[in-house]
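Structural description and commentary
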Amino acid sequence: MRLRHVSLGALLVAVAYCLALVAPAHAAPASIVSGDLWPDDRGRHVQAHGGGITKCGETYYWFGEDRSKDNDPGKRYVACYASEDLAHWRFRNQVIRLADPAGFGPEWILERPKVFFNAKTKQFVMYMHIDGRLPGSESSYSLARVGVAVCDTVDGDYRFVKSFRPLGMESRDIGQFIDDDGSAYLIFESRPTKGFVIARLSDDYLDVEKEVCLVGAPIEGGALVHYQGLYYAVGSALTGWAPNPNKYATATSLAGPWSEFRDIAPPEKNTYGAQSTMLLKVVGPKATTVIFMADVWKPDAQWDSRYVWMPLEIGGGRLWLPPPAVWTIDVGTGEAVLKH
Ligand code: DGJ
């Protein structure tokens, strides 16, 4: 047998070579650059505004408003992107391409889509802020409803199911939160009550079942994270598309009591031009990083709206947003490194 004459060293080199072919070395984490254009795998700026992230296995899916310039103005769009490292995003699909599905009117609005996976029904359930003009109203944001759409696959074509006012309340900006025990919550801003509502979803996620807390603060762009035994809620003031100083509060239980809302950055910086949309917790063996995901809106050129994603300084009841910078996240270890 010829193999007997192959030295052990040569054999090891050959094995290492073969392993390298099937399992490339762990790549250095890629940089996230807040505020710049964020090209997808096609070289086009990511269209996932007011978005949220749903993780399936090792893959993160980023859903958000697709405001592409060449979209049909009669339709509303939600795009979905996939990534394993949170820096490189592959366009998957315009998962919603919807003409007015329920007589909302020509000015109808679809904002801030968020997708939940329901383990019992094996369905992906999308919530979105649906709005439009009630007859006779001065405001094109007077419908104040949520819409629900479903799909059997994470990045397939979602089917619009219905719209409603959660718990009978006006609902505008929405956010999503999955607690550590897997329970799913919709966050919504309800203006007449000056409230930031945390509400539990039904078993199949198709309904908003129970008010867990009405936080008595006029906060939109609401987002939550559970970190080291404390809940942190983040949101912005109600100033339309214009940036304002985003704030945070804490509580030991989702039901409250919640602390007063405090600044997340120097107030004169207006959150560096951004507005919160989600807090993403990346848990690894070396660190847990909470990413502040936010939108820098360009109301007259929505397709060009940018993103501020930054790792937060968080812990012990304090939360602080560092100035936008270039940074890396290693999703394998959970570590974030600010570069400059
Ligand atoms: C602020 C909200 O956060 C956005 O999603 C959008 O609804 C704008 N208001 C519209 O003015």
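Structural data are supplied above this passage.
First, a word on what this report is: a plain description of the structure on this page. Because the structure is predicted, anything quoted here is derived from the model rather than measured. (Residues numbered from 1 in each chain as written. Predicted model: local features only at pLDDT ≥ 70, side-chain atom pairs only at ≥ 80, totals over all residues. Heavy atoms only, no water.)

So, the sheet that holds strand S20 (residues 306–311)
To summarise the sheet geometry, strands pair through backbone hydrogen bonds and adopt either a parallel or an antiparallel arrangement. With antiparallel pairing, the three strands of this open sheet are ordered in space as S18-S19-S20. Whereas interior strands pair on both sides, the edge strands pair on one side only; in this sheet they are strand S18 (275–283) and S20. Across this sheet, the average inter-strand angle for adjacent strands is 20 degrees, counted without regard to direction. Two elements, strand S19 (residues 288–296) and S20, share six bridges in a ladder whose sense is antiparallel. Paired with Asp295 across the two strands is Tyr307, which belongs to S20. (Pairing = 2+ DSSP bridges. Helix = DSSP H or I, 4+ residues; strand = E, 2+ residues; numbered from the N terminus. Axes fitted to C-alpha atoms, helices over the stretch in contact; angles between N-to-C directions.)

Digging into the layout of surface pockets
Here the idea is plain: a probe the size of a water molecule rolls over the atoms and shows the empty space left. Estimates place the volume of the largest pocket at around 920 Å³. Around the largest pocket, the lining comprises 35 residues; the ones closest to its centre are Lys55, Phe177, Ile178, Asp179 and Gly182. Where the lining of the largest pocket is concerned, the elements lending two or more residues are strand S2 (49–56), strand S6 (109–118), strand S10 (174–178), strand S12 (195–201), strand S14 (220–227) and S18. Taken together, the residues that form the lining of the largest pocket break down as 20 nonpolar, seven polar and eight charged. By volume, the second largest pocket amounts to about 360 Å³. What lines the second largest pocket is a set of 23 residues, and nearest its centre among them are Asp66, Arg67, Asn71, Lys75 and Arg76. At the level of elements, strand S4 (75–83) and S6 are the ones that each hand at least two residues to the lining of the second largest pocket. Considering only residue class, the lining of the second largest pocket consists of ten nonpolar, three polar and ten charged. (1 Å grid on protein atoms, 1.4 Å probe; cavity = no way out; pocket = protein on both sides within 12 Å on 5 of 7 lines; lining within 4 Å. Points joined across faces, edges and corners; volume = space filled by probe spheres on them. Nonpolar A, V, L, I, M, F, W, Y, C, P; charged D, E, K, R; others polar.)

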